[in-house]
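# Understanding the architecture of this molecule
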Amino acid sequence: ETGVTQSPTHLIKTRGQQVTLRCSSQSGHNTVSWYQQALGQGPQFIFQYYREEENGRGNFPPRFSGLQFPNYSSELNVNALELDDSALYLCASSYSRPSSYNEQFFGPGTRLTVL
Amino acid sequence: TQLLEQSPQFLSIQEGENLTVYCNSSSVFSSLQWYRQEPGEGPVLLVTVVTGGEVKKLKRLTFQFGDARKDSSLHITAAQPGDTGLYLCAGGQGGSEKLVFGKGTKLTVNP
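Now for a quick tour of the structure. (Residues numbered from 1 in each chain as written. Chains lettered and ligands numbered in written order. Predicted model: local features only at pLDDT ≥ 70, side-chain atom pairs only at ≥ 80, totals over all residues. Heavy atoms only, no water.)

### A look at the overall build of chain A
What counts, and what does not: Secondary structure elements follow DSSP: runs of H or I of four or more residues count as helices, runs of E of two or more count as strands, with numbering from the N terminus. Only the C-alpha atoms count toward the radius of gyration. The rule for a globule is 2.2 Å times the residue count to the power 0.38. Whether a residue is buried, partly exposed or exposed follows from its accessible area with a 1.4 Å probe, protein chains only, as a fraction of its type maximum: under 20%, in between, or over 50%, in that order. The contact definition used throughout considers only heavy atoms, calling two residues in contact when any of these lie within 4.5 Å.
Regarding its fold elements, chain A presents zero helices and 11 strands. Counted from the first residue to the last, chain A has its helices and strands arranged as β-β-β-β-β-β-β-β-β-β-β. For a compact globule of 115 residues, the expected C-alpha radius of gyration is about 13 Å, and chain A comes in at 13 Å, within 12% of that figure. Counting across all 115 residues of chain A, residues that qualify as buried make up 51%. Sequence-distant contacts in chain A: of pairs separated by 6 or more residues, those separated by 24 or more amount to 54%.

Here it is as structure tokens:
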């Protein structure tokens, strides 16, 4: 059984560009959450998908968008990149109806640097 | 805005010492989770506590959830270099998996 995988591992972009980050959830998991972790900070919730539908969003602007596919893999898209978007982007998956009691399994993250 | 304050932010101790990390909030959470994160990796869940006053033990780690479900503590006995890492607390609410994380405590255990 493979764990949560994310691609790419590292990415460098310039201001104003667009980026797509990918996440493959653990086998059998149908819920995916995305988090942004700036240097020296804890992760911040961006949004969550459950069975291909958005199921909650944090305080992030609309230029952060996402998708979940029928195989429950997911994408995070960020348009019009800003310097403050530089961070580690984490994907987490779990296997049942969203609940604060569920164990979420985190991937290793994608390190995004915006120059 | 829900906030979780963790203290201390940094902790450097010698192998064999005991330590306690605190996680405090003015908000009530339905669950409180503790994670450990190592450089270049995602957080790994250590424990989930859901009942006010609950105490859970995981080998040398003891986790406690406050009676009012607003605060939590993590106590490590006889710390070892392998305990080195970033310890994060995260609060959850109801039917959402949205977690509110603290900034973390960076623990270094020196041999």
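So, next bit.
### Quick notes on unusual backbone geometry
Residue P8(A) is reached from S7(A) by a cis peptide bond, and omega for that bond is -10°. Mapped onto the fold, P8(A) is located in the loop between strand 1 (5-7) and strand 2 (10-13). Along the chain, S7(B) connects to P8(B) via a cis peptide bond; the corresponding omega equals -10°. Along the chain, the position of P8(B) falls in the loop between strand 1 (5-7) and strand 2 (10-14). In this model, A80(A) sits at a positive phi of 45°, which is unusual for a non-glycine residue. With respect to the helices and strands, A80(A) occurs in the loop between strand 8 (74-78) and strand 9 (87-94). Residue classification places A80(A) among the partly exposed residues on the basis of a relative accessible area of 42%. Look at R69(B): it is not a glycine, yet its phi comes out positive at around 60°. Within the secondary structure layout, R69(B) lies in the loop between strand 7 (61-65) and strand 8 (71-76). Overall, the relative accessible area of 30% leaves R69(B) in the partly exposed class.

### A word on the state of the cysteines
So the rule is basically this: Note on disulfides: each one is a pair of cysteine sulfur atoms within 2.5 Å.
Inspection of every chain in the model, using the stated rule, returns two disulfides over all chains. Bridging C23(A) to C91(A), the disulfide has an S-S length of 1.8 Å. Residues C23(A) and C91(A) are joined by a disulfide whose S-S torsion is about -50°; by sign, that bridge is left-handed. Of the two residues, C23(A) sits in strand 3 (residues 19-24) while C91(A) sits in strand 9, which places them 68 residues apart along the sequence. Residue C23(A) shares its accessibility class with C91(A), and that shared class is buried. In this model, C23(B) is linked to C89(B) through a disulfide, with the two sulfur atoms separated by 2.0 Å. Judged by the sign of its S-S torsion, about 80°, the bond between C23(B) and C89(B) is right-handed. Of the two residues, C23(B) is situated in strand 3 (residues 19-24) and C89(B) in strand 9 (residues 85-92); the sequence distance between them amounts to 66 residues. The pair formed by C23(B) and C89(B) is uniform in burial state, with each residue classed as buried.

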